[in-house]
Amino acid sequence: MADLKIRNLKKVFDDVEIIKGIDLDVRDREFVVFVGPSGCGKSTLLRLIAGLEEVSSGQIELDGRDITDVSPAKRDLAMVFQTYALYPHMSVRRNMSFALELAKADKNEVARKVSEAARILELEPLLDRKPRQLSGGQRQRVAIGRAIVRNPKVFLFDEPLSNLDAALRVQMRLELARLHKELNATMIYVTHDQVEAMTLADKVVVLNGGRIEQVGSPMELYHSPANLFVAGFLGTPKMGFLRGRIASVGAQGCEVELDAGCRLSLPLQAAGLTSGSDVTLGIRPEHLHRSSDERCHLKVKTDVGERLGSDTYCHVRTRSGESLTMRVRGDFTPRYGQELDLTLESDHCHLFDSQGQAIGQPLQQQVA
Amino acid sequence: MNSTTLATPSTATSDARPVHGRRRRSPGWFLISPSVTLLLIWMLVPLAMTVYFSVIRYNLLYPGERGFVGLENFHYFLTDAGFIPGMTNTLILVGGVLLISVVLGVLISALLEAAEFPGRGLVRVMLISPFFIMPTVSALIWKNLIFHPVSGVLAALWKFFGAQPVDWLAQHPMASIVIIVAWQWLPFAILILMTAMQSLDQEQKEAARLDGAGPLAIFWHLTLPHLARPIAVVVMIEMIFLLSVFAEIFTTTSGGPGYASTNLAYLIYTQALLQFDVGMASAGGLIAVVIANIAAILLVRMLGKNLTEKH
Ligand SMILES: Nc1ncnc2c1ncn2[C@@H]1O[C@H](COP(=O)(O)OP(=O)(O)O)[C@@H](O)[C@H]1O
Ligand SMILES: [Mg+2]
């Protein structure tokens, strides 16, 4: 069992509040990913959970036990660091057995656990090597092995893949997903890479400036972002944003007048909004199409195209100067400055009020 | 020349080959020759003269006699009453100072690294400062202000507790000199080790904390292995200087009482300048060179692995 509860957690460094009140539940066997831009406090939050930083106020509870002031070693957590932090003069075997040795565990038991972890991670041939004789991916696996042998309630990962090259990162990502299933483990994983967040997580926690922006499954966050930040942060290429205002509000939805020069009716309940209030419309690249026979035409000029083979991402600029990205077929070659007519899939438009909160969709419930 | 240029045909065009080859050789030799010559003169001439003096009878009190005596000088030096004490004292001095400066150096720099207190920067500077005091000056300070049986600080302390003051330099000459020299070399060890300690990866320490290691376990399992290489550097550099300690002995005990604080360097000095026996002093000098090399080779063997091993 591993149920982690975080209540109103705050952390102040030198009079600057870095973590500004976090409430979060991590359930047993969940893979939770903290994602957010650099410097938003992801590592700090993880280190607070691990006990490497002192909590300024708030509470951390693991399986009903208050661990806010418990020493790091006694929290039943294991952490994998970005730089791996292997002990350089110890063999792989000793790196993995170090914690058990310190805990004065039985020798046979230690050997059994180490060889079990080595088997899972395919480290058996490397057990007598020193960390410097290993490649980046192998070091990463040793760092994970060091966590596994301790059989912790929760695994903590701080950007574990960011020191690996692109190919290895994809491979290790798959291995981590496999490991999560194989060990039935509860994992908390910090990354700034939204692809890792989307592919690995059961639950994504989007952090920004020391606060949680939204919590939810990857698909929930992708399809119904709670605010402009989450909408812009998740998804590559980014969601495009168009300024506009509400033209009319009806029972079936609302009409939006875009600055880019078109009027669009959206099947959204715009509660609390009146005609004339400023809104931002968000549209993902895959929901923009080239067309001319529908009602709303967005007249745009192409900027540049990024051709990936299967698809082409076509960057365009509206008459009001806003830039959008559109996904088109791979064989479409946009010319620079070419005029295009676009239609927006009105079912997939997101609407945000002037505070940046999503309108017309049930907001994701922040776990409280 | 032909064969060498043919061996690397791709590096030069065909018509430039002979010029290229000639150019590559002669100016190189020509250009480094001044420094090589200077270095050879600098090193070989004194060595050759020392070797020459060591095999002739050469005493300044008997100017006429300069005959070849073979290894007689070596025999006399090795069987001199001062040789065995000189050897022993040299080893005691080197070993004692190394032990003190490494052990205390590690402890002090570890404490400095661990503790946060106001004025830490000042304490660091003060810990380093003895290194910049001239050996003669520091020896005089220790002799007159600390060890002196009448006016020394230690004597005052002893008297305060009602004990008979100790004449340190007379009763424990070697220990006193070890302390003086260690006082001078400890800062060097601290300087090197403190710098090295700062380069220990913080995440390793944090990983160890998560693994359940307390401060002592972290010191033993992480800090000490991390310091192996800097400690080796400290030992080697200090040894080079400690084998030839002279000023501290000269200013405090003059090698006495008897031979009780005479090391090899001081013994050679007494042979050459008190007994005016240049031949025997030269023999002693050569023996000291051999001993220094043996010690150096042993140490390099012992510690060299640490130095070349990469983390
Ligand atoms: N020990 C510390 N002392 C002071 N400020 C810190 C400390 N650790 C982190 N910070 C600050 O906290 C903020 C968040 O850092 P961090 O959690 O590492 O961000 P990230 O989300 O990139 O992991 C940064 O602005 C950083 O400067
Ligand atoms: Mg970070």
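Keep in mind that this is a model prediction, so the values were computed, not measured.

Visitor: Residues and numbers for the sheet that holds strand 21 (residues 358–359) of chain A, please.
Guide: If you trace the six strands from one edge of the open sheet to the other, you get 13-12-11-14-20-21 (chain A), paired in antiparallel fashion. Edge positions in the sheet fall to strand 13 (262–266) and strand 21 of chain A, since each of these pairs with one other strand and no more.

Visitor: Can you break down a nonpolar patch on the surface residue by residue, with the values?
Guide: Residue and element names in this part refer to chain B. Taken together, the side chains of W29, F30, L31, I32, V36, L40, L44, L47 and V51 make up a nonpolar region of the molecular surface, amounting to roughly 940 Å² of accessible area. Checked against the element boundaries, L31 lands in helix 2 (residues 17–54). In this structure L31 comes out as exposed when scored by relative accessible area, which is 62%.

Visitor: Any details on the domain arrangement of chain B? Residues and values, ideally.
Guide: Residues and elements named next belong to chain B. By domain assignment, chain B separates into domain 1 (3–54) and domain 2 (72–308). Listed per partner, the contact involves five residues of domain 1 and seven residues of domain 2. The contact between domain 1 and domain 2 buries some 440 Å² in all, and 71% of this surface belongs to carbon and sulfur atoms. For the domain 1 face of the interface with domain 2, the top three residues by lost area are T50, F53 and S54, together amounting to 85%. Applying the counting rule to domain 1 against domain 2 returns zero salt bridges. A breakdown of the residues in the side of domain 1 that touches domain 2 according to their chemical character gives three nonpolar, two polar and no charged.

Visitor: Now, about the packing of helix 2 (residues 92–102) of chain A against helix 4 (residues 136–148) of chain A: what can you tell me, with residues and values included?
Guide: All names here are of chain A. Running from amino to carboxyl end, helix 2 crosses helix 4 at an angle of 30 degrees, the nearest separation of the two axes being 8 Å. Accordingly, the angle class assigned to the pair helix 2 and helix 4 is roughly parallel. Between helix 2 and helix 4 lies a crossing of right-handed hand. Residue-level contacts link V92, N95 and M96 of helix 2 to V142, G145 and R146 of helix 4. Residues of the contact of helix 2 with helix 4, tallied by class, amount to three nonpolar, two polar and one charged.

Visitor: So, the domain arrangement of chain A: which residues are in play, and what are the values?
Guide: Here chain A is partitioned into domain 1 (4–225) and domain 2 (237–367). In this structure, domain 1 of chain A and domain 2 of chain A have C-alpha centres spaced 38 Å apart.

Visitor: Now, about the site of ligand 1: what can you tell me, with residues and values included?
Guide: Residues and elements named next belong to chain A. Every residue near ligand 1 is listed here: F13, I18, S38, G39, C40, G41, K42, S43 and T44. Within the backbone of C40, an N or O atom sits 3.3 Å from an oxygen atom of ligand 1. S43 places a polar side-chain atom, nitrogen or oxygen, 2.6 Å from an oxygen atom of ligand 1. Here the element with the most residues in the shell around ligand 1 is helix 1 (residues 42–50); it accounts for three residues. Partitioning the shell around ligand 1 into residue classes produces three nonpolar, five polar and one charged.

Visitor: An account of the nonpolar core is needed here, citing residue identities and associated values.
Guide: All names here are of chain A. One finds V33, M96, I144, F157 and Y189 to be the most contacted residues of the largest nonpolar core, which totals 47 residues. Ranked by the residues each element gives to this core, the list is headed by helix 3 (residues 107–121), at six residues. Once you skip the residues sitting within four places of it in the chain, F157 turns out to touch L46, V80, I144, L176, M187, I188, Y189 and V190. Counting residues in each nonpolar core, the second largest holds 44 residues, with L48, I49, I188 and L207 among its members.

Visitor: Tell me what's going on with helix 10 (residues 202–210) of chain B, and back it up with residues and numbers.
Guide: All of the buried residues along helix 10 of chain B are B:Q204, B:E206, B:A207, B:A208 and B:L210. Elements that come into contact with the buried residues of helix 10 of chain B comprise helix 1, strand 6 (77–80), helix 2 and helix 4 of chain A together with helix 11 (215–242) of chain B. Capping of helix 10 of chain B at its N-terminal end is provided by B:D201; its side-chain oxygen lies 3.3 Å from the backbone amide nitrogen of B:E203. B:G212 sits one or two residues past helix 10 of chain B and shows a positive phi near 100 degrees.

Visitor: Describe the packing of helix 6 (residues 135–146) of chain B against helix 9 (residues 173–198) of chain B, naming the residues involved and giving the relevant values.
Guide: Residues and elements named next belong to chain B. Interhelical geometry of helix 6 versus helix 9 gives an angle of 130 degrees and a closest axis separation of 10 Å. For the element pair helix 6 / helix 9, the angle class is oblique. Here helix 6 and helix 9 pass one another in a crossing that is right-handed. Between helix 6, through P135, S138, A139 and W142, and helix 9, the contact on the second element is made entirely by I179, I180, W183 and Q184. Split into classes, the residues belonging to the contact of helix 6 with helix 9 amount to six nonpolar, two polar and no charged.

Visitor: Before we move on, can you summarise the interface of chain B and chain A with the specific residues and values?
Guide: Taken together, the contacts link 18 residues of chain B with 24 residues of chain A. Taken together, both faces of the contact between chain B and chain A bury some 1900 Å²; the carbon and sulfur share is 59%. Of all residues in chain B, the largest losses of buried area upon contact with chain A belong to B:E203, B:L210 and B:D211, amounting jointly to 36% of the total for that side. Here chain B is connected to chain A by two salt bridges. In this structure, the salt-bridge partner of B:E206 is A:R47, at a minimum N-O distance of 2.7 Å. Between chain B and chain A we count seven residue pairs in polar contact (both at pLDDT 80 or more) in total. If you list the elements that add at least two residues to the side of chain B that touches chain A, you get helix 10 and helix 11 of chain B. Ranked by the residues each element gives to the side of chain B that touches chain A, the list is headed by helix 10 of chain B, at seven residues. Along the lines of polarity and charge, the residues of the side of chain B that touches chain A split into seven nonpolar, four polar and seven charged.

Visitor: Lay out the packing of aromatic side chains in plain terms, naming residues and giving numbers.
Guide: The relation between two aromatic rings is expressed through the spacing of the ring centres and the mutual angle of the planes. Under the counting rule described, the total for this entry stands at 23 aromatic pairs over all chains. Between A:Y87 and A:F98, the aromatic rings sit 4.9 Å apart at their centres with planes inclined by 65 degrees, giving edge-to-face as the arrangement. With A:Y87 in the loop between strand 6 and helix 2 and A:F98 in helix 2, this residue pair connects regions lying 11 residues apart in the sequence. Here A:Y87 and A:F98 have matching classes, each one buried. Among the aromatic side chains, those forming a connected cluster through ring pairs are B:F131, B:F132, B:W185, B:F188 and B:F241. It is A:R146 that lies over the ring of A:Y87; its NZ or CZ is 4.7 Å from the centre. In this structure, A:R284 packs its charged tip against the face of A:Y222, placed 3.9 Å from the ring centre.

Visitor: Tell me what's going on with helix 1 of chain A, and back it up with residues and numbers.
Guide: Structural remark: α-helix, 3.6 residues per turn; residues separated by three or four positions point the same way. Residues and elements named next belong to chain A. Of all the nine residues making up helix 1, eight are buried; the element is thus mostly covered by neighbouring parts of the structure. Taken residue by residue, helix 1 has K42, T44, L45, L46, R47, L48, I49 and A50 as its buried positions. Positioned one or two residues after helix 1, G51 has a phi angle of 95 degrees, which is positive.

Conventions used here
Residues numbered from 1 in each chain as written. Chains lettered and ligands numbered in written order. Predicted model: local features only at pLDDT ≥ 70, side-chain atom pairs only at ≥ 80, totals over all residues. Heavy atoms only, no water. Pairing = 2+ DSSP bridges. Helix = DSSP H or I, 4+ residues; strand = E, 2+ residues; numbered from the N terminus. Patch = residues over 30% accessible without salt bridge, like charges linked within 9 Å, V, L, I, M, F, W, Y side chains within 5 Å. Areas by Shrake-Rupley, 256 points an atom, 1.4 Å probe, with all protein chains shown as cover. Salt bridge = Lys/Arg side-chain N within 4 Å of Asp/Glu carboxyl O. Buried < 20%, exposed > 50% of the residue type's maximum accessible area, 1.4 Å probe, protein only. Domains from an automatic or database assignment. Contact = heavy atoms within 4.5 Å. Buried area = accessible area lost by both parts, 1.4 Å probe. Nonpolar A, V, L, I, M, F, W, Y, C, P; charged D, E, K, R; others polar. Axes fitted to C-alpha atoms, helices over the stretch in contact; angles between N-to-C directions. Parallel < 35°, antiparallel > 145°, perpendicular 65-115°, else oblique. Left-handed = near helix turned anticlockwise from the far one by under 90°. Near = heavy atom within 4 Å. Polar contact = N/O pair within 3.5 Å; in protein donor to acceptor, adjacent residues only side chain to side chain. Core = buried A, V, L, I, M, F, W, Y, C linked by side-chain atoms within 4.5 Å. Phe/Tyr/Trp six-rings, centres within 6.5 Å; stacked < 30°, edge-to-face > 60°. Lys NZ or Arg CZ within 6 Å of the ring centre and 35° of its normal.

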